[in-house]
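Notes for the structure review
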Amino acid sequence: DAGVTQSPTHLIKTRGQQVTLRCSPKSGHDTVSWYQQALGQGPQFIFQYYEEEERQRGNFPDRFSGHQFPNYSSELNVNALLLGDSALYLCASSFGSGYTFGSGTRLTVV
Amino acid sequence: AQSVTQLDSHVSVSEGTPVLLRCNYSSSYSPSLFWYVQHPNKGLQLLLKYTSAATLVKGINGFEAEFKKSETSFHLTKPSAHMSDAAEYFCVVIVFSSNTGKLIFGQGTTLQVKP
């Protein structure tokens, strides 16, 4: 049974560019959440998708957007990248209160 | 607002000695609390969770945590540290809104295990 799969694992982008990160949830999970983990910090909640709709959102600007597909997979899009967007982006899928995290995408903005 | 505070940013122990990682929570209702571990360049792995059942929760790899409402604490312990326990540990609380939950993480505690 596959866990949460994220792609790509590493990414380098230039300031001002746009990026799309992808997440395939664990089998049986219908909810996907995204977290940003800056170096030396705990993960910060970005947003959560359920039934293809954004259900909750953290304190992140509109440059951060997402999508959930009918197969429950999800994308995180970040526009107009800033140096401060460099971080590990974690996807977590859940069903009820059971959360499973992927290994993350390391985004570096130069 | 619900939150967690990890009282130590860095803990260093010798192999074979006990581990104590401290976490205090703030919640207006009975919280659901978790401990996660993150090894370098890896994702987050659930160690254990408390969801209003037994106050002493046993997790994987010999870890356990005790929920103490009077002290608003949820400290993580292990009787004997192993070198493989060296990692970053996060205390986490679920915050519910509109029937969905989001995880709020503490700042993390780095556990160093010396030979």
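Below is a short write-up of the structure. This one's a predicted model, so the numbers in the text were calculated from it and none came from an experiment.

Scanning chain A from N- to C-terminus turns up zero helices and 11 strands. Going residue by residue from the N terminus, the α and β elements of chain A occur as β-β-β-β-β-β-β-β-β-β-β. Relative to the compact-globule value of 13 Å for 110 residues, chain A shows a C-alpha radius of gyration of 13 Å, a close match. Projecting the C-alpha coordinates of chain A onto the three principal axes gives extents of approximately 40 × 25 × 25 Å. Long-range pairs, those at least 24 residues apart, make up 51% of the contacts in chain A between residues at least 6 apart in sequence. Per element, the accessible surface of chain A, about 5200 Å² overall, is 48% carbon and sulfur. Taken as two groups, the 8 positive and 9 negative side-chain charges of chain A have centres that lie 11 Å from each other.

The interface is formed by 18 residues belonging to chain B together with 18 residues belonging to chain A. Across the chain B/chain A interface, buried area totals approximately 1600 Å², and carbon plus sulfur atoms make up 51% of it. The interface formed by chain B and chain A includes zero salt bridges. The tally of links between chain B and chain A comes to four residue pairs in polar contact (both at pLDDT 80 or more). Elements with a minimum of two residues in the side of chain B that touches chain A: strand 5 (33–38), strand 6 (44–50), strand 10 (87–97) and strand 11 (100–105) of chain B. Its residues placed into classes, the side of chain B that touches chain A shows eight nonpolar, seven polar and three charged.

Residues and elements named next belong to chain A. Taken as a whole and judged by the stated rule, the model has seven salt bridges over all chains. Glu54 serves as the salt-bridge partner of Arg57, at 3.1 Å between the closest nitrogen and oxygen. Of the residues examined, Arg57 reaches a relative accessible area of 28% and is grouped as partly exposed.

Attention now goes to the side chain of Gln6(A). All names here are of chain A. The topology assignment puts Gln6 in strand 1 (residues 5–7). Within the structure, the side chain of Gln6 is placed 2.9 Å from the backbone nitrogen of Cys91, a separation counted as a polar contact. A polar atom in the side chain of Gln6 sits 3.0 Å from the backbone nitrogen of Gly104.

Bringing the environment of Phe67(B) into the picture now. Within the fold, Phe67(B) resides in strand 8 (residues 64–68). Residues Phe67(B) and Thr17(B), spaced 50 residues apart in sequence, show a C-alpha to C-alpha distance of 22 Å.

To continue, consider the state of the cysteines. As enumerated under the stated definition, the model contains two disulfides over all chains in all. Each sulfur of the disulfide joining Cys23(A) and Cys91(A) lies 1.8 Å from the other. Of note, the bridge from Cys23(A) to Cys91(A) carries an S-S torsion of about -60° and is left-handed in sense. Separated by 68 residues along the polypeptide, Cys23(A) in strand 3 (residues 19–24) and Cys91(A) in strand 9 (residues 87–95) bring together distant segments of the chain. Here Cys23(B) connects covalently by a disulfide to Cys91(B), the sulfurs 2.0 Å from one another. Here the S-S torsion is close to -65°, and the disulfide linking Cys23(B) with Cys91(B) is therefore left-handed. Here the residue Cys23(B) occupies a position in strand 4 (residues 23–26), and Cys91(B) occupies one in strand 10, the gap between them amounting to 68 residues. On the accessibility criterion, Cys23(B) (0% relative accessible area) is buried.

About the cut-offs
- Residues numbered from 1 in each chain as written.
- Chains lettered and ligands numbered in written order.
- Predicted model: local features only at pLDDT ≥ 70, side-chain atom pairs only at ≥ 80, totals over all residues.
- Heavy atoms only, no water.
- Helix = DSSP H or I, 4+ residues; strand = E, 2+ residues; numbered from the N terminus.
- Rg over C-alpha atoms; globule rule 2.2 N^0.38 Å.
- Contact = heavy atoms within 4.5 Å.
- Areas by Shrake-Rupley, 256 points an atom, 1.4 Å probe, with all protein chains shown as cover.
- Lys, Arg positive; Asp, Glu negative; His and termini not counted.
- Charge placed at Lys NZ, Arg CZ, Asp CG, Glu CD.
- Buried area = accessible area lost by both parts, 1.4 Å probe.
- Salt bridge = Lys/Arg side-chain N within 4 Å of Asp/Glu carboxyl O.
- Polar contact = N/O pair within 3.5 Å; in protein donor to acceptor, adjacent residues only side chain to side chain.
- Nonpolar A, V, L, I, M, F, W, Y, C, P; charged D, E, K, R; others polar.
- Buried < 20%, exposed > 50% of the residue type's maximum accessible area, 1.4 Å probe, protein only.
- Disulfide = S-S within 2.5 Å.

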